[in-house]
Amino acid sequence: MSYAYLFKYIIIGDTGVGKSCLLLQFTDKRFQPVHDLTIGVEFGARMITIDGKQIKLQIWDTAGQESFRSITRSYYRGAAGALLVYDITRRDTFNHLTTWLEDARQHSNSNMVIMLIGNKSDLEARREVKKEEGEAFAREHGLIFMETSAKTAANVEEAFINTAKEIYQKIQDGVFDINNEANGIKIGPQHSPANQNMPAGGSGGNQGGGCC
Amino acid sequence: MDYFRNMLGGPQGEGQTPSGAETVERLCERVSSSTLLDDRRDAVRALKALSKKFRLEVGTQAMDILINVLEQDRNDAEITGFTLDTLYHVMSNEPTDEEDTSAPVDSDLGGQFTEIFIKKSDNVSLLLSFLEEYDFHVRWPTVKLLTVLLTNRQKDLQEIILVIPMGVSRLMDLLSDSREIIRNDALLLLNQLTKGHANIQKIVAFENAFERIIDIIRDEGASDGGIVVEDCLLLLQNLLRNNASNQNFFKEGSFVQRLTPFFELESENSNKQGGWSAQKVTNMHLLLQLVRTLVSPNNPQNQTVACQKVMNQCGLLQELCSILMASGVPADVLTETINTVSEVIRGSTANQEYFASVLAPSTPPRPAIVVLLMSMVNEKQPFVLRCAVLYCFQSFLCKNEVGQSQIIQTLLPTAADANSITAGQLLCGGLFSADPLSNWFASVALLHAIVENHTQKEQLLRVQLATSLGNPPVSLLQQCCNMLSQGGKFQTRIGLLMVLCGWLCDCPIAVSHFLSNTANVPYLISQVSSSEGEEHEAIVQGLCAFLLGICMLYNDDKSEAFSKSALKQVIQNRIGLESFTDKLTQVAQNENYTRAAKKPHLYYKHPNEIVFDYSFTRLFKSLENEVLKAVSGSGGAINGRTLLGGDEDQYKALLREQEEVLSGLRQQLEEMQGQNSASERRVAELTDQVQQLRDQNALLKAHKGSQGTPPPVAASPSGASAEEVESLQREVDSLRSQLTEKDAQLQASAAGGDEDKENNPDGGAVLQASLARLQGEVASRDQEISGLKAEVTRLTTELQQKSTQSAEASSPESDAATAELQSRLQASESQVAALTEERNSLQERVKKSNEENLKLASNVRTLEEEKQNAGGDLREEMETLKKEQDDLLVLLADQDAKIDKYKTKLKELGQEVEDDDDDDDLDDDDDDDDEGDAD
């Protein structure tokens, strides 16, 4: 049960692109052809190993519908990684990526790792968005890119794990402030003897002290 | 300050006190018009001072001005703080000591001002933006103001905050504030914020709420901590209750493990203090409720199972069990701990096994289960504690066949151990105690030891009880029945009836044991047929009806007196179907029933509320309809399991029967068709005969016509010439022929005429006879057809029944057969229709031939008359003809002589003369003709 790091993910993207199915495939290793519409946000978790270290992934699967946008925005800030998903058989979901990206960049911390995912790669016959287009979009915006199929599980593991690798690398590079939990990263219990002694909310301690 | 003092003090000197409203008005004017920040700040401070006493005035007049100050003067922490405080006082409904208690206060004045304030959601955004300000004078009143706004208009404010970007997150950050007072007030705020709003709960959890709250609890000393711990626990409750996603997160985040240390009791500590503080009791209650929230039977199954597993692994269950056995624990905490342990072990094999192994620290050590059962059947123990023990016992036995057999084992004679107290002894003691509540508890506990466990139901039948000295032992089942029939308190009887129902259900052996005592069924009958309408009695009657129904459902028909059909007869005759149904259905309509059926936990406050057991309500629900069907159903197999198969057989038999009927009908149809063709042939014959008769008739008429003209008598005595001879010969010939004809006719009219007379009527008679026969046949066929029709209608109704039955049975086989049957039926119906048509046409034909017959008969009659007339004429003619003949004969003789003379003369002259053979031939031909006519 112990882990070296805990990463928080969010999954975002238009409604019906397969966000919940990706999560279900990753956490339960199964596919559900008929999935209920996600209301608000649902939670899922799984343990993975990177570089010999146990890493716990806590994943919040958000509702794609516009009406839930104000709720889902609240999750950007505390996430270390985001999976931005579109549906390769629906051009409009690809076209909306810019909006999603703007939203994410605006509300999240700047170091959040974003993985662009073209889902439903099993439906090659109905493809509307070329893989090259996805790659180009990712390159342009500095994202990692992958095409997946929640149905056949192709690349699903890789999508989550590669995102974790990227975050892990950023930690190694000292980009992330691992002591600020608002970044969506937590050090495991055995790794952080000093963590509990840190003042939790001392962000503005130097301002106008005299009180009461 | 001076100005302020003057302003407040001034009016006192003048002797005329300005009203609060006036002062507020002047202050508002100053706030809005002053250009100096200091002036505005002073005015707001004054408003703040007045805002408690003159809430209404400040609220109505200053609201907009104050909001304006918040926007304009936000850089000055002091004026912002005063403004926020003023608004807080206006909105707060909390009574303060400064408030003028005599003044009439609108109970929800704060709520109304809140409504006005949040009408512009920007105002809430503005408040949230103040949270960025670290200054205590700003942050703290902001937190208080937001809290009071949330308290007053929770739903509206939740929606507003949810939509504000980072709104929830900013409130969550308050938990990290190093100043305790802000953190503590933030807890209150978050409690209001998260109440009943799953989405906000999730966001708060996402913002590491669990981690932070549990840290606070730990830092505050856990259950020994103060009210802050209570607030933290309430917040945790809020975040987890009915929120599966957060529960999952809580479990996945390994927070369950972090709860374990909070349940560790330092025994020497509590002993020292000599008891628990009220706060500790509250904290412990909340901690226990938190655990129950995670493993509630109403949660999704997999969620509860996963949490139960974790709780066993991380030692939480062990801590709970040690509280159970610890001394000095207040009764209500103990009760809640028992309830918590119940839900942690419910349905989880590993946890149940651990619980069974827990020993109480007594001498000698006894299993915890036994110790708990002792409390359950002890009427001196608090009622809620006894309920909790029963719940714990039920949870221990839930889906636990091993546990059930262990309990039953202690009742069996082989395992009897006189030295130690066993669960079985305690249950028996409770069952036969004088306390009705103990009876009820013990009955229900016993019910759970055998529920859904066939083996234990049979094992329990072996239990024999020793009665008073000298009497033979009596079986437990019989003892229960005896107690039941002795009356007793309501709860005693309900408990016994429930355990009997559970025992007999799905256990034919137990049923036959029950029926073997002939007093049992009559008792039940007398109860059910009783007309006492009191609520409790109605429940008893309903349960007795249910027990009767179970006796029927699981009857192996070994006892003749109380076989399935016999019981059915008895129920129908002695109680009546309607009354039985009424009594039975009353049970589920009882409010006690609905309450018990809601959840397994026994959440009763008063002993009188206890009536039904949760698992019994489930049993009742599953069998109620089957019982009703068995009692009212139209015979057939009713043993629960074979019900369906029996139905199928029934349908098959019905189908076979109907097929037989159909083939019989088909045979009848063939016969009738044969008869029909025969009668058709006969009709054809008859028409032939009629035709013949007509022909004869025509012939007779013709004869009559020919007879009407007398033969010409042409006898001219001519000279001796060949011509003369020839003509004479011709005449003779015709005469001869006429004569023979006449002779024949005379004969005919003498005999043949009679014959003719008789012949025709005879033919008529034959016709009539055959007609009569035909009519008879037609009538009989009519009958057959109507019979057929009746059968056809019967078949159709049978078919309809069957089709509905088969629709119920939805057996494709019988459906197909039914369809076939129907088509066959249709075919036979059309055949019958064709037959009826044929019959009709036959009848018509018969009618026609009847008419023809009548006509013929009249014809024959006229013919006869004609013949008679003709007969008279003929005789006269005959006589004249005879005379003429005589004359002619004489003449002929003369002429013969002459002819001979001429012949000889001619011979002499050398001429050959022919013989008169030809004449004879001609005569012969004539005779032939006559004979043919006579036919």
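In this text the structure is predicted, and so the values were computed from the model without any measurement.

Our focus in this paragraph is the overall build of chain A. The helix and strand inventory of chain A stands at six helices and seven strands. Out of the 212 residues belonging to chain A, those deemed buried represent 53%. Within chain A, counting contacts between residues at least 6 apart in sequence, those at least 24 apart form 74% of the total. Accessible surface computed for chain A: about 9,500 Å², of which carbon and sulfur atoms make up 48%.

Taken together, the side chains of B:Glu532, B:Glu534, B:Glu535 and B:Glu591 present a region of like negative charge at the surface. As for its position among the elements, B:Glu534 is in the loop between helix H32 (520-529) and helix H33 (535-553).

Glancing now at the side chain of B:Lys583. All names here are of chain B. Residue placement: Lys583 occurs in helix H35 (residues 577-589). In this structure, Lys583 is buried with no salt-bridge partner, the nearest side chain bearing the opposite charge being Asp582 at 7.8 Å. Polar side-chain contacts of Lys583 include one of 3.4 Å to the side chain of Gln541. Residues contacting Lys583, with those up to four places away along its chain left out, are Val528, Ser529, Ser530, Gln541, Gly542 and Ala545.

Bringing the pattern of salt bridges into the picture now. Overall, the coordinates contain 41 salt bridges over all chains when judged by the stated rule. Note that A:Arg77 and B:Glu207 form a salt bridge whose closest N and O atoms lie 3.0 Å from each other. With one member in each of two chains, A:Arg77 in the loop between helix H2 (69-73) and strand S4 (81-87) and B:Glu207 in the loop between helix H12 (198-206) and helix H13 (209-219) form a pair that bridges those chains. In this structure, the salt-bridge partner of B:Glu252 is B:Lys251, at a minimum N-O distance of 3.9 Å. The class of B:Lys251 is buried, set by a relative accessible area of 14%.

Turning our eyes to something else, we now look at the interface of chain B and chain A. Contacts between chain B and chain A engage 26 residues on the former and 32 residues on the latter. Buried area between chain B and chain A, both sides added, is near 2,700 Å², and the carbon and sulfur share of it is 53%. If you sort the residues of chain B by the area they bury against chain A, B:Tyr134, B:Met166 and B:Phe206 come out on top, with a joint share of 25%. If you look at where chain B meets chain A, you find five salt bridges. The salt bridge involving A:Glu42 is made with B:Lys202; its shortest N-O contact spans 3.1 Å. Applying the counting rule to chain B against chain A returns ten residue pairs in polar contact (both at pLDDT 80 or more). When residues of the side of chain B that touches chain A are traced back to their parent elements, those giving at least two are helix H8 (136-152), helix H9 (154-163), helix H10 (167-173), H12 and helix H15 (244-252) of chain B. Each residue belonging to the side of chain B that touches chain A can be placed in one class, and the counts come to nine nonpolar, ten polar and seven charged.

All right, on to the environment of B:Asn453 then. All names here are of chain B. Mapped onto the elements of the fold, Asn453 is located in the loop between helix H27 (436-450) and helix H28 (454-461). Sequence-wise, Asn453 and Glu401 are 52 residues apart; in three dimensions their C-alpha atoms are separated by 7.0 Å. What Asn453 contacts, discounting residues up to four positions off in sequence, is Glu401 and Gln404.

The full count for this structure, using the stated rule, is 26 aromatic pairs over all chains. An angle of 75° between the planes, with centres 6.0 Å apart, marks the rings of A:Tyr5 and A:Tyr168 as edge-to-face. Taken together, the residues span a long stretch of sequence, with A:Tyr5 in strand S1 (residues 5-13) and A:Tyr168 in helix H6 (residues 156-172) at a distance of 163 residues. For the pair shown, A:Tyr5 and A:Tyr168 are each scored as buried. An angle of 10° between the planes, with centres 6.2 Å apart, marks the rings of B:Tyr603 and B:Tyr604 as stacked. Each member of the aromatic cluster is reached from another via a ring pair, and the members are A:Phe43, A:Trp60, A:Tyr75, B:Phe206, B:Phe210, B:Phe249, B:Phe250 and B:Phe255. Directly above the aromatic system of A:Phe26 lies the positively charged group of A:Arg46, at a separation of 4.3 Å from the ring centroid. Sitting above the plane of the B:Tyr134 ring, B:Arg179 keeps its charged end 3.7 Å from the centroid.

On to the packing of helix H7 (residues 121-130) of chain B against H8(B), then. All names here are of chain B. Viewed as axis vectors pointing N to C, H7 and H8 meet at an angle of 145°, and their least axial separation amounts to 9 Å. In this structure, H7 crosses over H8, and the sense of that crossing is left-handed. Where H7 approaches H8, its residues Val124, Leu127, Leu128 and Phe130 are matched on the opposing element by Val138, Thr142, Leu145, Leu146 and Leu149. A per-class count over the contact of H7 with H8 returns eight nonpolar, one polar and no charged.

Definitions and limits used
Residues numbered from 1 in each chain as written. Chains lettered and ligands numbered in written order. Predicted model: local features only at pLDDT ≥ 70, side-chain atom pairs only at ≥ 80, totals over all residues. Heavy atoms only, no water. Helix = DSSP H or I, 4+ residues; strand = E, 2+ residues; numbered from the N terminus. Buried < 20%, exposed > 50% of the residue type's maximum accessible area, 1.4 Å probe, protein only. Contact = heavy atoms within 4.5 Å. Areas by Shrake-Rupley, 256 points an atom, 1.4 Å probe, with all protein chains shown as cover. Patch = residues over 30% accessible without salt bridge, like charges linked within 9 Å, V, L, I, M, F, W, Y side chains within 5 Å. Salt bridge = Lys/Arg side-chain N within 4 Å of Asp/Glu carboxyl O. Lys, Arg positive; Asp, Glu negative; His and termini not counted. Charge placed at Lys NZ, Arg CZ, Asp CG, Glu CD. Polar contact = N/O pair within 3.5 Å; in protein donor to acceptor, adjacent residues only side chain to side chain. Buried area = accessible area lost by both parts, 1.4 Å probe. Nonpolar A, V, L, I, M, F, W, Y, C, P; charged D, E, K, R; others polar. Phe/Tyr/Trp six-rings, centres within 6.5 Å; stacked < 30°, edge-to-face > 60°. Lys NZ or Arg CZ within 6 Å of the ring centre and 35° of its normal. Axes fitted to C-alpha atoms, helices over the stretch in contact; angles between N-to-C directions. Left-handed = near helix turned anticlockwise from the far one by under 90°.

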